[in-house]
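# Close look at the chain arrangement
If you want the building blocks of each chain, they are given just below.
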Amino acid sequence: MISTKLENAIRDIADFPKPGIVFKDITPILKDASLCSEVINEFVNRLDGIKIDVIAGIESRGFLFGLMLANKLGIPFVPIRKKGKLPFKTVEEPCELEYGSAVLELHADAIYPGQRVLIHDDLLATGGTVSAATRLVQKLDGEVAGYAFVISLDFLNAREKLQVVSENIITLVSCK
């Protein structure tokens, strides 16, 4: 089962990036090409029947599987980045993080009105970043078709925030 393989590969790093945070390190997954393929195939299987026009990946680890998934599905990938990292005209949205705050940006021409967008990141924690990403998609009149995460920290209860927007929430590993 893929969740067991992923649980065995994910490395916990205590007190990173600051004291009290247990960072879920996915880089060991990236060293295993076969496991990466399994991750993408599992996302594809769980997305069956959900219409998606675009995948938006959140900086920076959301780029890793987000781009591979978009490629596998034959649809565009668009990056959501921290302020000042995108070269073209952008829309922006502030977000609260588990360990601070930031402003996210998306190219103003990344999503067309009515496009159905899957928002992807490696980890769902408090939901601050993905909620800001949701608002960016909505600013461009896109529709959030769903969310996809490798890991979810379920004890932080962010899923409830997202279900208001879409019931399509995919998580490969849930940490209770």
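For the structure, check the block above.
As a starting point, this report considers the structure included with it.

Rules and cut-offs
- Residues numbered from 1 in each chain as written.
- Predicted model: local features only at pLDDT ≥ 70, side-chain atom pairs only at ≥ 80, totals over all residues.
- Heavy atoms only, no water.
- Helix = DSSP H or I, 4+ residues; strand = E, 2+ residues; numbered from the N terminus.
- Rg over C-alpha atoms; globule rule 2.2 N^0.38 Å.
- Buried < 20%, exposed > 50% of the residue type's maximum accessible area, 1.4 Å probe, protein only.
- Contact = heavy atoms within 4.5 Å.
- Pairing = 2+ DSSP bridges.
- Axes fitted to C-alpha atoms, helices over the stretch in contact; angles between N-to-C directions.
- Phe/Tyr/Trp six-rings, centres within 6.5 Å; stacked < 30°, edge-to-face > 60°.
- Expected span 1.5 Å × (residues − 1).
- Arc of directions from axis to C-beta.
- Polar contact = N/O pair within 3.5 Å; in protein donor to acceptor, adjacent residues only side chain to side chain.

A separate point is the overall build of the protein chain. Each helix and strand in the protein chain was counted, giving 6 helices and 9 strands. Against the 2.2 N^0.38 benchmark of 16 Å for 176 residues, the protein chain shows a C-alpha radius of gyration of 15 Å, consistent with a compact globule. Over its C-alpha atoms, taken along the principal directions, the protein chain stretches across nearly 40 × 35 × 30 Å. Within the span of the protein chain, comprising 176 residues, buried residues form 48% of the whole. Look at the contacts in the protein chain between residues 6 or more apart in sequence, and 57% of them connect residues 24 or more apart.

Read from one edge to the other, the open sheet built from 7 strands follows the order 5-6-4-3-7-8-9, with strand pairing classed as mixed. Every interior strand has two partners, whereas the edge strands, strand 5 (90–97) and strand 9 (169–175), have only one. Pairwise comparison of adjacent strand axes, ignoring direction, gives a mean angle of 25° for this sheet. As paired elements, strand 8 (residues 143–153) and strand 9 share 6 bridges and run parallel to each other. If you follow Ser152 over to strand 9, its bridge partner there is Ser174. Where helix 5 (residues 128–139) meets the sheet, it contacts strand 3 (54–58), strand 4 (77–82), strand 5, strand 6 (100–107), strand 7 (116–124) and strand 8, and its direction lies at approximately 160° from that of strand 5.

With that out of the way, let us pick up the packing of aromatic side chains. Counted according to the given criterion, the structure contains 3 aromatic pairs. Ring centres of Phe63 and Phe77 lie 6.0 Å apart, and the angle between their planes is 85°; on these two criteria the pair is classed as edge-to-face. Of this pair, Phe63 sits in helix 4 (residues 62–73) while Phe77 sits in strand 4, placing them 14 residues apart in sequence. An angle of 10° between the planes, with centres 6.4 Å apart, marks the rings of Tyr147 and Phe149 as stacked. Tyr147 gets classed as buried once you look at its relative accessible area, which sits at 0%. Overall, the relative accessible area of 0% leaves Phe149 in the buried class.

Note on placement: Leu6 falls in helix 1 (residues 2–9). Residue classification places Leu6 among the buried positions, given a relative accessible area of 0%. Placed 157 residues apart in sequence, Leu6 and Gln163 show a C-alpha to C-alpha distance of 24 Å. In this view, Leu6 contacts Ile29, Leu35, Val39, Val150, Leu172 and Val173; residues no more than four positions away in its chain are not counted.

Here helix 3 (residues 33–46) contains 14 residues, and its C-alpha end-to-end distance of 20 Å stays within 8% of the 20 Å for a straight helix at 1.5 Å per residue. Among all positions of helix 3, only Leu35, Cys36, Val39, Ile40 and Phe43 are buried. Summarising the axial view, the buried residues of helix 3 lie within an arc of 145°, below the 170-degree limit, and thus occupy one face. Every exposed residue of helix 3 that faces more than 90 degrees away from the buried side is listed here: Ala33 and Asn45. Its side-chain oxygen placed 3.1 Å from the backbone nitrogen of Ser34, Asp32 serves as the N-cap of helix 3.

The next subject is unusual backbone geometry. Geometrically, the link from Phe16 to Pro17 is a cis peptide bond, its omega value of 5° lying close to zero. When you line up the elements, Pro17 lands in the loop between strand 1 (11–14) and strand 2 (22–25). The backbone phi angle of Asp15 is positive, close to 60°, even though this residue is not glycine. A relative accessible area of 49% places Asp15 in the partly exposed class. Notably, Asn157 is not glycine yet its phi reads approximately 60°, a positive angle.

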